[in-house]
Amino acid sequence: MIVSVDARSSVPPYEQVRSSLADQINDGRLAVGTKLPTVRQLAADVGIAPNTIARAYRELEEAGLIETRGRAGSFVSSSGDESRRLARDAASTYAATCRALGISSSEALAIAKAALDVT
């Protein structure tokens, strides 16, 4: 099984699935071109509703980490590398802006976490 869901976690199930798959894609455990399980199959494997998996897949697709090829299924996308590059570029720009404004690293991180809605 490529993901698991902790029912006792305060993190919503779709986010557990999304973040687990994103981590595996970003660190290369799921290589470009890897076919992902169908929404129904992964939902059955994990024991949650198919709509929950569909939401995770939708968010991964919006982030450019996976692509859906109709009836052929969902695959790890090569554009994920481009998404990460764009994110790194944006982070570098943000860091330069914060330095220019005299904002400390800890305050800049707090601002970024708030913007990402991370606690």
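Please read these numbers as outputs of a predicted model, since none were measured by experiment.

Enquirer: Please clarify how the overall build of the protein should be interpreted in this entry.
Expert: Scanning the protein from N- to C-terminus turns up 5 helices and 2 strands. With respect to the principal axes defined by its C-alpha atoms, the protein has extents near 50 × 35 × 20 Å. A buried classification covers 24% of the 119 residues belonging to the protein. Considering only intrachain contacts with a sequence separation of at least 6, the fraction spanning at least 24 residues in the protein is 46%. Counting only carbon and sulfur atoms, one obtains 53% of the accessible surface of the protein, whose full area is about 7700 Å². Across the protein, the mean location of the 14 positive side-chain charges is 4 Å away from that of the 14 negative side-chain charges.

Enquirer: How should helix H2 (residues 39–46) be read in this particular structure?
Expert: Because each turn of an α-helix spans 3.6 residues, side chains separated by three or four positions in sequence point in the same direction. Among the residues making up H2, those that are buried are Leu42, Ala43 and Val46. Burial along H2 is one-sided: seen end-on, the buried residues are contained in an arc of 100°. More than 90 degrees from the buried face of H2, the exposed residues found are Arg40 and Ala44. In the core, the buried residues of H2 are packed alongside helix H1 (13–26) and helix H3 (50–62).

Enquirer: Help me understand the packing of aromatic side chains in this model?
Expert: Any aromatic ring pair is given by two values, namely how distant the centres are and how the planes are angled relative to each other. Scanning the entire structure with this criterion turns up 0 aromatic pairs. For Arg69, the ring lying beneath its charged end belongs to Phe75, and the centroid distance is 3.9 Å.

Enquirer: Help me understand the pattern of salt bridges, please; the structure alone is not making it clear to me.
Expert: A pair can form between side chains of opposite charge whenever their charged atoms are brought close. As enumerated under the stated definition, the model contains 5 salt bridges in all. Notably, a salt bridge pairs Arg8 with Asp6, separated by 3.5 Å at the nearest N-O pair. Arg8 gets classed as exposed once you look at its relative accessible area, which sits at 76%. On the basis of relative accessibility, which here comes to 34%, the residue Asp6 falls in the partly exposed class.

Enquirer: Please explain the packing of H2 against H3 as it appears in this structure.
Expert: Helix-helix packing is described using two parameters, namely the angle between the two axes and the distance between the axes. Contact pair H2 / H3: the axes reach a minimum separation of 8 Å and the direction vectors enclose 120°. Put simply, H2 runs oblique to H3. By crossing handedness, the relation of H2 to H3 is classed as right-handed. For the pair H2 and H3, the contacting residues are Val39, Leu42 and Ala43 in the first and Pro50, Ile53, Ala54 and Tyr57 in the second.

Enquirer: Got a minute to help me understand helix H5 (residues 105–116) in this structure?
Expert: The terminal C-alpha atoms of H5 lie 16 Å apart, and with 12 residues this matches the ideal 16 Å at 1.5 Å per residue to within 8%. The element H5 is barely covered by neighbouring structure, given that only 1 of its 12 residues are classed as buried. In the segment just after H5, Asp117 is the residue with positive phi, at about 60°.

Enquirer: I would appreciate a short explanation of the nonpolar core in the present structure.
Expert: Considering soluble globular proteins, one finds that nonpolar side chains tend to be buried as a cluster. In this structure, Val17, Leu21, Leu42, Ile53 and Tyr57 are the most contacted members of the largest nonpolar core, which totals 18 residues. Counting residues per element, the ones that place at least two in this core are H1, H2 and H3. When neighbours within four sequence positions are excluded, Leu21 is seen to be in contact with Ile2, Val3, Leu30, Tyr57 and Leu60.

Cut-offs used in this document
- Residues numbered from 1 in each chain as written.
- Predicted model: local features only at pLDDT ≥ 70, side-chain atom pairs only at ≥ 80, totals over all residues.
- Heavy atoms only, no water.
- Helix = DSSP H or I, 4+ residues; strand = E, 2+ residues; numbered from the N terminus.
- Buried < 20%, exposed > 50% of the residue type's maximum accessible area, 1.4 Å probe, protein only.
- Contact = heavy atoms within 4.5 Å.
- Areas by Shrake-Rupley, 256 points an atom, 1.4 Å probe, with all protein chains shown as cover.
- Lys, Arg positive; Asp, Glu negative; His and termini not counted.
- Charge placed at Lys NZ, Arg CZ, Asp CG, Glu CD.
- Arc of directions from axis to C-beta.
- Phe/Tyr/Trp six-rings, centres within 6.5 Å; stacked < 30°, edge-to-face > 60°.
- Lys NZ or Arg CZ within 6 Å of the ring centre and 35° of its normal.
- Salt bridge = Lys/Arg side-chain N within 4 Å of Asp/Glu carboxyl O.
- Axes fitted to C-alpha atoms, helices over the stretch in contact; angles between N-to-C directions.
- Parallel < 35°, antiparallel > 145°, perpendicular 65-115°, else oblique.
- Left-handed = near helix turned anticlockwise from the far one by under 90°.
- Expected span 1.5 Å × (residues − 1).
- Core = buried A, V, L, I, M, F, W, Y, C linked by side-chain atoms within 4.5 Å.

Limitation: the analysis is restricted to geometry and does not speak to function.
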